[in-house]
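Coordinate analysis (summary)
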Amino acid sequence: MSDQMRDDFEDFASDQYEWPQAIQKNADGEYKLMATAEAWRYWQASRAALVVELPKLSKVEGCHGVEDVWFPEDIIAAIQSVGVSVK
């Protein structure tokens, strides 16, 4: 689990629950509110289930002969195909 993922969750939870206690934690790092703790477990599971299959490499002629490359538009399409936004 990344710190960014927890930060994203806490931003979301703060907006949803609209009270500061929603993201308060016990000494062990678990959320005090059962609703927040449960939402956090679901949040983690949803992220763990998100898998992006990268497109196959394309063969292109480069200055060092034939090279395997990914084209950015193919990678973006693969990411977007699982419902993730790309900036």
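The model shown is predicted, which means the values in this text are computed figures rather than measured ones. (Residues numbered from 1 in each chain as written. Predicted model: local features only at pLDDT ≥ 70, side-chain atom pairs only at ≥ 80, totals over all residues. Heavy atoms only, no water.)

**As for the overall build of the protein chain**
A count of helical and extended segments in the protein chain gives three helices and two strands. Counting from the amino terminus, helix and strand elements in the protein chain follow one another as α-α-β-β-α. For 87 residues, the compact-globule estimate of 2.2 N^0.38 gives 12 Å, and the C-alpha radius of gyration of the protein chain, at 20 Å, exceeds that figure by more than 25%. Based on the C-alpha atoms only, the size of the protein chain along its principal axes is roughly 60 × 25 × 20 Å. Looking at the protein chain as a whole, 15% of its 87 residues are labelled buried. In the protein chain, which carries 8 positive and 16 negative side-chain charges, the distance between the mean positions of the two groups comes to 5 Å. (Helix = DSSP H or I, 4+ residues; strand = E, 2+ residues; numbered from the N terminus. Rg over C-alpha atoms; globule rule 2.2 N^0.38 Å. Buried < 20%, exposed > 50% of the residue type's maximum accessible area, 1.4 Å probe, protein only. Lys, Arg positive; Asp, Glu negative; His and termini not counted. Charge placed at Lys NZ, Arg CZ, Asp CG, Glu CD.)

**Notes on the confidence of the model for the protein chain**
Regions with low pLDDT carry predicted coordinates that are not meant to be interpreted in detail. Here the protein chain averages 89 in pLDDT, while 99% of its residues score no lower than 70. The element-level mean pLDDT for the protein chain is lowest in strand E1 (residues 58–62), coming to 84, with helix H2 (residues 34–48) highest at 93. (pLDDT = per-residue confidence, 0-100.)

**Some details on the environment of Asp 28**
Along the chain, Asp 28 falls in the loop between helix H1 (3–17) and H2. Among the polar contacts listed, one links the side chain of Asp 28 to the backbone nitrogen of Glu 30, at a separation of 3.0 Å. (Polar contact = N/O pair within 3.5 Å; in protein donor to acceptor, adjacent residues only side chain to side chain.)

**Notes on the nonpolar core**
With eight residues, the main nonpolar core is built from Met 5, Phe 9, Ala 13, Tyr 31, Ala 37, Ala 39, Trp 40 and Trp 43. When residues of this core are traced back to their parent elements, those giving at least two are H1 and H2. Tallying contributions element by element places H2 first for this core, with four residues. (Core = buried A, V, L, I, M, F, W, Y, C linked by side-chain atoms within 4.5 Å.)

**Quick notes on a negative patch on the surface**
Together, Asp 3, Asp 7, Asp 8, Asp 11, Asp 15 and Glu 18 make up a negatively charged patch on the protein surface. Summarising the element assignment, Asp 11 is placed in helix H1. (Patch = residues over 30% accessible without salt bridge, like charges linked within 9 Å, V, L, I, M, F, W, Y side chains within 5 Å. Areas by Shrake-Rupley, 256 points an atom, 1.4 Å probe, with all protein chains shown as cover. Salt bridge = Lys/Arg side-chain N within 4 Å of Asp/Glu carboxyl O.)

**Regarding the side chain of Thr 36**
Checked against the element boundaries, Thr 36 lands in helix H2. On the accessibility criterion, Thr 36 (0% relative accessible area) is buried. A polar atom in the side chain of Thr 36 sits 2.7 Å from the backbone oxygen of Ala 22. Residues contacting Thr 36, with those up to four places away along its chain left out, are Phe 9, Tyr 17, Ala 22 and Tyr 31. (Contact = heavy atoms within 4.5 Å.)

**Considering H1**
Taking 1.5 Å per residue as the helical rise, H1 with its 15 residues ought to reach 21 Å, and the 21 Å between its terminal C-alpha atoms agrees with that figure. For H1, the complete set of buried residues consists of Met 5, Arg 6, Phe 9, Glu 10 and Ala 13. Buried residues along H1 cover an arc of 130° about the axis, so they all sit on one side. Buried residues in H1 make contact with H2. Where H1 ends, the next residue or the one after it, Glu 18, has phi of about 55°, a positive value. (Expected span 1.5 Å × (residues − 1). Arc of directions from axis to C-beta.)

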